[in-house]
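Reading the structure
Spelled out, the chains give:
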Amino acid sequence: MVIPLMKQAADEQGRHDHGTLRYGAAWAEGAASAADARRALRALLAHVPHRGRAPVPTSLAVDAELVVSELVTNALRHAPGIGGLTLRLSDRELAITVWDGSPDAPLLRKPDRHRVGGHGLHLVHSVCDRVVVTSRGRGKEVTACLRLPLPTTSALVVRRPGRPDQEGRRQGAPEGPRSDSPRPGSSLAAASE
């Protein structure tokens with residue numbers, strides 16, 4: 001079963017947010033790969049600007065690819081069988097959830113620079129704001145959350161006296177009647193929308 005990319009629940013679309021973007025997929029044994037999970041993540045993140053949001057910063061997208069790769073690889077390696085991936089991107093965070101059929105919680109091994117492998121979960125913990133393991137019937141789910149930066153507001157533009165603004169008026173020139181609401185198309189109108 002695969003949930004189509006960007007399927008949204010209507011009740012999640014609040015008045016001031018852009019709704020939560022979602023992706024979900026389930027797989028049978030041997031039918032998934034970390035590369036598929038990374039492609040799904042990139043597709044979700046590429047869709048963000050089409051929803052009227054600022055793009056996810058590149059550094060966070062790279063961290064998210066690392067996290068999804070590690071979690072899916074761990075599920076495929078240590079819990080063969082059915083599994084799944086859910087990506088949820090809200091205005092505040094990106095949550096990456098991988099579920100599998102093993103009830104065993106992942107082990108965060110003591111770091112050992114001489115050991116080959118076994119470092120992925122440390123990497124996940126180091127780039128994520130929180131990692132939660134939840135028992136799920138016959139298996140478990142691991143959810144790793146990356147906090148998004150706060151949206152920036154338009155900076156207040158300071159003009160030098162005598163220089164024209166975007167509408168060709170010189171600063172300090174009479175504007176005509178003033179209004180409490182910003183002019184359409186002005187930087188303040190964009191920031192308040």
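Given the structure is predicted, the values throughout are model-derived calculations rather than measurements.

Right, let's talk about the overall build of the chain for a bit. A count of helical and extended segments in the chain gives four helices and six strands. The N-to-C order of helical and strand elements in the chain reads β-β-α-α-β-β-α-β-β-α. Every one of the 193 residues in the chain was classed for burial, and the buried ones make up 31%. Residue pairs in contact within the chain that sit at least 24 positions apart in sequence constitute 60% of those at least 6 positions apart.

As enumerated under the stated definition, the model contains zero aromatic pairs in all. The side chain of R136 reaches across the aromatic face of W99, ending 4.1 Å from its centre.

On to helix α3 (residues 120-127). Since the α-helix packs 3.6 residues into each turn, any two residues three or four apart lie on the same face. Here α3 has its buried residues at G120, L121 and V124. In a view along the axis of α3, the buried residues occupy a sector of 100 degrees, so they form one face of it.

Contact geometry for helix α1 (residues 34-47) and helix α2 (residues 58-78): axes closest at 9 Å, N-to-C directions at 145 degrees. Read as a crossing pair, α1 and α2 show a hand that is right-handed. From α1, A34, A37, R38, L41, R42 and L45 reach across to α2, where they touch A61, A64, E65, V68, S69, V72, T73 and L76. In the contact of α1 with α2, the residues fall into nine nonpolar, two polar and three charged.

Joining two cysteines, a disulfide is a covalent bond between their sulfur atoms. Under the criterion given, the structure shown has zero disulfides. The closest cysteine sulfur to the non-disulfide-bonded C128 is located on C145, 7.5 Å from its own sulfur.

If you look at the biggest cluster of nonpolar residues, it comprises 32 residues, and the most contacted ones within it are V68, L71, L85, L87, L89, L94 and I96. Secondary-structure elements contributing two or more residues to this core are β2 (21-27), α1, α2, β3 (83-89), β4 (93-100) and β6 (139-147). Broken down by element, this core gets its largest block of residues, eight residues, from α2.

Rules and cut-offs
- Residues numbered from 1 in each chain as written.
- Predicted model: local features only at pLDDT ≥ 70, side-chain atom pairs only at ≥ 80, totals over all residues.
- Heavy atoms only, no water.
- Helix = DSSP H or I, 4+ residues; strand = E, 2+ residues; numbered from the N terminus.
- Buried < 20%, exposed > 50% of the residue type's maximum accessible area, 1.4 Å probe, protein only.
- Contact = heavy atoms within 4.5 Å.
- Phe/Tyr/Trp six-rings, centres within 6.5 Å; stacked < 30°, edge-to-face > 60°.
- Lys NZ or Arg CZ within 6 Å of the ring centre and 35° of its normal.
- Arc of directions from axis to C-beta.
- Axes fitted to C-alpha atoms, helices over the stretch in contact; angles between N-to-C directions.
- Left-handed = near helix turned anticlockwise from the far one by under 90°.
- Nonpolar A, V, L, I, M, F, W, Y, C, P; charged D, E, K, R; others polar.
- Disulfide = S-S within 2.5 Å.
- Core = buried A, V, L, I, M, F, W, Y, C linked by side-chain atoms within 4.5 Å.

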